[in-house]
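Residues per chain, in single letters:
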Amino acid sequence: MKTKTKVVVVGGGVVGVSALYHLAKKGWSDVVLVERKELTSGSTWHAAGLLPLFNMSYSVGQLHKYAVDLYKKLEEETGKNVGFSVVSNIRLASTKDRMDEYHQYAGVAQTIGVDVKFLTPDQVKEIWPLCHTDDLVGAIQHPEDGYIQPADLTQAMATGARNMGAEIYRNTSVLSMKQTKDGWVVETDKGSIECEHIISCSGNFARQTGKMVGLDIPVIPVEHQYIVTEPHPEIQKRKKDGLPEMGVLRDSDSRWYMREEAGGLILGPYEDGAPACYVNGPSKDSEYELFQEDLDRLAPHIEGAIHRVPAFGEVGVKKVYNGAICYTPDGNPIVGPAWGLKNFWINEGHSFGITAAGGAGWQLAEWIVDGEPTIDMLGVEPRRYGDYATKSYLKAKNEEAYSHVFITHYPDEERPAARPLKTSPCYERMKDLGAVFGQKFGWERPNFFATDGMDQKDDWSFRRSKWFEAIKKECQNVKDNVGLLDMTAFAKCRIKGPKAEEFLDHLVANKLPKKIGRIGLCHALNTKGGVHSEFTIMREAEDSFYLVSAGANLRLDHDWIKKWMPNEGVTFEDLTNSTGVLVVAGPKSRELLEKISTDDFSNENFKWLSAQDVNVGYAPVNAMRVNFVGELGWELHHPIEYQNHIFDKIMEAGKDLGIKPFGIRAMNSLRLEKSYKLVGTELSIEYSPYESGLDRFVHPNKGSFIGLEALNKWREKGFDNKLITLEVHNTKDADVLGNNPIYKDNKVVGRATGGEFGFRLDKSIALAMVKPEHSNVGDKLQVDILGEMYEATVLEESPYDSENNLLRA
């Protein structure tokens, strides 16, 4: 056994072996994998299709596409059969909503080069003659998909890794991992290994592995069952007659997958009531353990399977398997750097391990060797969760994620388990006013307000639903009067000390505000010049700065700050939970604030992009003259214990001014009319700040900052994308949702990053990344919305109040 190496991969299976293989492929051959048992696939599971719907995620979709392409090449590279049966993958639809989901998914697939074919019920019957199709609306098919043998795939990648110099130590248990000033020491039952990096790929043991280094990794497995039948004469006859295998069949509305297996069938349901398991971790001797089957849980799905494929009910059950599958609260894996630790990487929570393993290993190798991933990994980022993800929270959410695998994944879906959890003090007041809440990073936030007799519940759809009229009223009121928005969930911190200015100036691409009380919008780039984070920075004092960023990115942004912060001369203070934020916006917001404060909010005294300490009622408030909706307005940052006092004063004084609360969905409509950008959609590590239209926020001549050198090289090379604002014409009942393909002359030239109806403009608006030659104002393009093509025209940036006269009023 080596005593020193660059990387130790803790845990085997296909996930760990993929990481090892890709590191070796990047030229890091001095890497080892430590596996507590024999090297197998990592589970008892088979693969039933390699291209899941990936929840319409552009980034996760890229990982899955890469994996499929890789697995097809591995046999040629290693000489090992990976057992990839390209038999296609068919998803059935029984409802219009399900077909809408498939059309949205197919649009995303177009942008990453995945082929999706739409089928009629008759075409399904031709491909799957044992399938009952009379009650189907339609289906989609991945012609190049199929299933793979996990054990064969694992051995092939292991062979590839070994051929490039990597080593694998089987039957070796990790006892502890300790950080040193030079890296890490991994203690095993066969000796110690010094290394620079550790990758945790320990599957069901993830929480125990995390505990060794002080991490609470948000992974708990859930029981999953599948049924293997005896052979069926029809299937045996097909094989004898030389007919092709019928492929992987998914009845999404009945929540199961099915495929052929040894002349019979495999049925894998995703049922309600499947319990979390190994909540406190497996025993050290556990290895691919099976639990007692529970067919009662599966009864509705068995009935659905017999209805859809009557042959399933005509054969006996050979075996029922019930084992553990790792889950996270949203069902996506956790791939990337751990928070608060240097060079510790997490590759856990793979509920579809075969599907994601290839892409996860690929991007981890890029990240570790070159310092950054090459695609936006926000959908699988370990830091997308926070301290709120306790063990009891994970149990409830992971069980929910399992049961939701096959539900229709609406773009506005909000899952109910383990809520409400984190609430701002005014939560009950907003609820009494009709708030219908969503959740971000554990916080409850109003999505919209149900008024005028509307039921106080959400209405999910791929099209305009009941809340469309609700947010129309909210947007109109912000335009005409004044609105109140709770943004307490913002991530907030203070950076202070004699070296604070020097540090922040190096962290962001913009110049810092020079005067006390001034505000700047600043972006932190990664080392390759892509946009990592966006901060609103207010200078509180010569040596103190207040930073605000997206609530969903709290752990990501704060960990990024700490990663680059010097060891002395700078302090970091998290203010998120102690500071509330209420936003007042609209032409009457100044009049409102002057009614409840003795301070001067006139334009002469209180300029745009400035902040002042004021009183609202009797409460101390730091009022910042900024907002994300493009109207006159202020963000009121306050000690959280004063929030209800401030809220009540605003609502009472605003009665005569027409004040109404508004929610996140109205804010999204309003921000799109201003071409305002969000991290994770318009802003990404995949795009330079120039591609995202941030030219005025980047100062390459101010001095050195993170990513500057790479950004200059990128600029010399030229950019492949340009962010544009589009008017989409003649929409009726649906708007752009995001990730829609953009076409010119029947060729994909970009993708939408977001969209919504703009009520102030009375236009359907979208933001999109396109090839630069199609970014000129007035250019005509087409956009796919749920399978229908719409004409679109490129608009000037910020089509609503392009001169910012309202903001400056």
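Residues numbered from 1 in each chain as written. Predicted model: local features only at pLDDT ≥ 70, side-chain atom pairs only at ≥ 80, totals over all residues. Heavy atoms only, no water.

Asks: I'd like a rundown of the overall build of the protein, residues and numbers included.
Replies: Across its full length, the protein holds 19 helices and 36 strands. With the C-alpha coordinates of the protein rotated into their principal frame, the extents come out at 85 × 65 × 50 Å. Split into buried and exposed, the 809 residues of the protein put 62% on the buried side. Taking all contacts inside the protein whose residues are at least 6 apart in sequence as the whole, residues at least 24 apart take part in 72%. When the accessible surface of the protein is totalled, it reaches about 30,800 Å², and 47% of it is carbon and sulfur. (Helix = DSSP H or I, 4+ residues; strand = E, 2+ residues; numbered from the N terminus. Buried < 20%, exposed > 50% of the residue type's maximum accessible area, 1.4 Å probe, protein only. Contact = heavy atoms within 4.5 Å. Areas by Shrake-Rupley, 256 points an atom, 1.4 Å probe, with all protein chains shown as cover.)

Asks: Tell me about a negative patch on the surface, and name the residues and values.
Replies: The grouping of Glu591, Glu594, Asp600 and Glu604 at the surface amounts to a negative patch. Along the chain, Glu594 falls in helix 15 (residues 589-596). (Patch = residues over 30% accessible without salt bridge, like charges linked within 9 Å, V, L, I, M, F, W, Y side chains within 5 Å. Salt bridge = Lys/Arg side-chain N within 4 Å of Asp/Glu carboxyl O. Lys, Arg positive; Asp, Glu negative; His and termini not counted. Charge placed at Lys NZ, Arg CZ, Asp CG, Glu CD.)

Asks: Quick one: what's the story with the packing of aromatic side chains, residue by residue and with numbers?
Replies: Scanning all chains against the criterion turns up 24 aromatic pairs. A centroid spacing of 5.7 Å and a plane angle of 75° characterise the contact between Tyr270 and Phe406, whose relative ring orientation is edge-to-face. Placement of the pair is Tyr270 in the loop between strand 14 (264-269) and helix 8 (295-308) and Phe406 in the loop between helix 10 (391-403) and helix 11 (427-432), with a sequence separation of 136 residues. With relative accessibility at 4%, the residue Tyr270 sits in the buried group. The class for Phe406 is buried, based on a relative accessible area of 5%. Between Tyr427 and Phe437, the ring centres sit 4.4 Å apart and the planes meet at 35°, which makes this aromatic pair tilted. Pair noted here: Tyr427 is in helix 11 and Phe437 is in strand 18 (residues 435-440), with a separation of 10 residues, a long-range link. For the pair Tyr427 and Phe437, a shared accessibility class is recorded, and that class is buried. If you follow Arg555 out to its NZ or CZ, it ends over the ring of Trp339, 4.0 Å from the centre. (Phe/Tyr/Trp six-rings, centres within 6.5 Å; stacked < 30°, edge-to-face > 60°. Lys NZ or Arg CZ within 6 Å of the ring centre and 35° of its normal.)

Asks: Which residues make up the pattern of salt bridges, and what are the values?
Replies: Tallied over the full model, the rule gives 46 salt bridges. Across the pair Glu399 and Lys395 runs a salt bridge whose closest N-O atoms are separated by 3.1 Å. Of this pair, Glu399 and Lys395 both sit in helix 10, 4 residues apart, roughly one helical turn. Using a relative accessible area of 35% as the deciding quantity, one classes Lys395 as partly exposed. Residues participating in the shared-partner salt-bridge network are Lys96, Asp100, Arg463 and Asp733.

Asks: I'd like a rundown of the nonpolar core, residues and numbers included.
Replies: Soluble globular proteins tend to pack their nonpolar side chains together in the buried interior. Judged by nonpolar contacts, the single largest core of 46 residues is most densely connected at Leu20, Leu23, Tyr71, Leu74, Leu153, Met157 and Ile199. Put simply, the parts of the chain that give this core at least two residues each are strand 1 (7-10), helix 1 (13-25), strand 2 (31-34), helix 2 (58-78), helix 5 (150-163) and helix 9 (353-370). When sequence neighbours within four positions are dropped, the list of residues in contact with Leu20 reads Val9, Val31, Val32, Leu33, Ala161, Ala166, Glu167 and Ile168. Counting residues in hydrophobic clusters, the runner-up holds 34 residues, among them Tyr169, Val186, Ala276 and Cys326. (Core = buried A, V, L, I, M, F, W, Y, C linked by side-chain atoms within 4.5 Å.)

Asks: Explain helix 1 to me, using residue names and the numbers behind them.
Replies: Residues that lie three or four places apart on an α-helix share one face, since the helix turns once every 3.6 residues. With 13 residues, helix 1 extends 18 Å from end C-alpha to end C-alpha; this agrees with the ideal 18 Å at 1.5 Å per step. Of all the 13 residues making up helix 1, 12 are buried; the element is thus mostly covered by neighbouring parts of the structure. Buried within helix 1 are the following residues: Gly13, Val14, Val15, Gly16, Val17, Ser18, Ala19, Leu20, Tyr21, His22, Leu23 and Ala24. Among the residues trailing helix 1, Gly27 stands out with phi positive, at a value near 100°. (Expected span 1.5 Å × (residues − 1).)

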